[in-house]
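Report on the structure
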Amino acid sequence: MAALNVSKLGNPVLRKPSEAVPKEAISSKAFQRLLDNMVDTMRACEGVGIAAPQVGVSKQIAVIEVKHDARMQQPIPLTVLINPRITAAASTTLEDWEGCLSVNDLRGRVPRAAWVEVEMLNRKGEKVRFRAEGFFARVVQHECDHLAGRVFLDRMPNLLTLSHLEEFARFCEE
Ligand code: NI
């Protein structure tokens with residue numbers, strides 16, 4: 001168990017497109033340990049997902065897990081995404097609040113495709129395809145953005161809804 005330091009906005013690692021992971025590297029002890037540490041970090045920070053650049057590693061890896069969220073009917077089991085690609089996306093978008101472990105204390109409304117189809121490798125190095133909808137699709141898009149050097153602020157059509165958590169709880173939460 002080891003929670004890693006989380007890079008914050010301003011750290012160039014968050015703005016750099018990350019590198020694909022060679023399939024052969026996935027089974028190595030060091031790589032598997034990195035995955036475990038990313039999971040520990042996400043859980044320690046109470047995030048619903050974290051991408052490798054957020055722990056200072058410029059590689060195409062993200063982990064997602066949602067135990068409960070008012071916006072979901074069922075939890076999202078722990079999902080490790082290696083070299084994820086969004087291969088198809090809904091043309092309809094849904095707008096909802098997002099925050100980010102690398103952007104302290106802020107929430108903003110972000111439009112995202114209502115569903116996405118994803119191709120990736122899992123932690124065994126197997127090719128996996130899946131479809132995500134609703135909040136799961138939102139988290140997938142947020143994490144894939146990190147791997148391209150983008151954060152949710154870049155996806156806001158304007159900054160009018162940007163809110164500090166303290167005020168969010170008072171005025172914005174639905
Ligand atoms: Ni984030």
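Report follows, based on the coordinates.

Thresholds, definitions, all that
- Residues numbered from 1 in each chain as written.
- Predicted model: local features only at pLDDT ≥ 70, side-chain atom pairs only at ≥ 80, totals over all residues.
- Heavy atoms only, no water.
- Donors = N, O, S within 2.8 Å, 3.2 Å for Na, K, Ca; no water.
- Helix = DSSP H or I, 4+ residues; strand = E, 2+ residues; numbered from the N terminus.
- Buried < 20%, exposed > 50% of the residue type's maximum accessible area, 1.4 Å probe, protein only.
- Core = buried A, V, L, I, M, F, W, Y, C linked by side-chain atoms within 4.5 Å.
- Contact = heavy atoms within 4.5 Å.
- Salt bridge = Lys/Arg side-chain N within 4 Å of Asp/Glu carboxyl O.
- Pairing = 2+ DSSP bridges.
- Axes fitted to C-alpha atoms, helices over the stretch in contact; angles between N-to-C directions.

**Observations concerning the coordination of the nickel ion**
Protein-derived ligands of the nickel ion are Cys100 (SG), His142 (NE2) and His146 (NE2), with the metal-ligand distances lying across 2.1 to 2.3 Å. Within one chain, the residues serving as donors to the nickel ion are arranged as C-x41-H-x3-H. Remark: His146 and His142 occur in helix H2 (residues 134–147); sequence separation between them is four residues, near one turn of the helix. Judged by relative accessible area, which is 7%, His142 ranks as buried.

**Re the nonpolar core**
Counting residues in hydrophobic clusters, the biggest one holds 20 residues, and the most contacted among them are Phe130 and Val140. Mapped onto this core, the elements with two or more residues apiece are strand E2 (61–66), strand E3 (76–89), strand E6 (115–121), strand E7 (127–133) and H2. Broken down by element, the residue count for this core peaks at seven residues, all from H2. Among residues more than four places away in sequence, those in contact with Val140 are Ile64, Val116, Val118, Phe130 and Ala132. Phe31, Leu34, Val39 and Ile61 belong to the second largest nonpolar core, which has 18 residues in total.

**Looking at the pattern of salt bridges**
A side chain of one charge can pair with a side chain of the opposite charge when the charged atoms of the two come close. Per the stated rule, a full pass over the model turns up 14 salt bridges. Close ionic contact of Glu119 with Arg129 constitutes a salt bridge, the shortest N to O distance being 3.1 Å. Taken as a pair, Glu119 in strand E6 and Arg129 in strand E7 lie far apart in primary sequence, 10 residues in all. With a relative accessible area of 56%, Arg129 lands in the exposed category. Among the salt bridges present, the one from Glu167 reaches Arg170, with a minimum N-O distance of 3.0 Å.

**Observations concerning the sheet that holds E7**
Strand order in the open sheet made by the five strands is E1-E2-E3-E6-E7, with antiparallel pairing throughout. If you trace the sheet from one side to the other, it starts and ends with strand E1 (49–51) and E7, each paired once. With direction set aside, neighbouring strand axes in the sheet form an average angle of 40°. Against the sheet, helix H1 (residues 29–44) touches E1, E2 and E3, its axis set at about 40° to E2. Each of E1, E2, E3, E6 and E7 is contacted by H2, which is oriented at about 125° to E7, the strand it contacts most.

**Things to note about the sheet that holds strand E5 (residues 103–113)**
Pairing is antiparallel across the open sheet formed by three strands, whose spatial order is E4-E5-E8. What marks the edges here is a single partner per strand, and that holds for strand E4 (93–100) and strand E8 (163–164). Judged from the seven bridges that link them, E4 and E5 form a sheet pairing that is antiparallel. By the bridge assignment, Cys100 is partnered in E5 with Val103.

**Concerning the environment of Leu94**
Positionally, Leu94 belongs in strand E4. What makes Leu94 partly exposed here is its relative accessible area of 46%. Excluding anything up to four places from it in sequence, Leu94 contacts Val110, Pro111, Arg112, Ala114 and Arg138.

**Comments concerning the side chain of Asp96**
When you line up the elements, Asp96 lands in strand E4. On the basis of relative accessible area, Asp96 is assigned to the buried category, the value being 16%. Excluding residues within four positions of it along the chain, Asp96 makes contact with Arg71, Gly108, Arg109, Val110 and Arg138.

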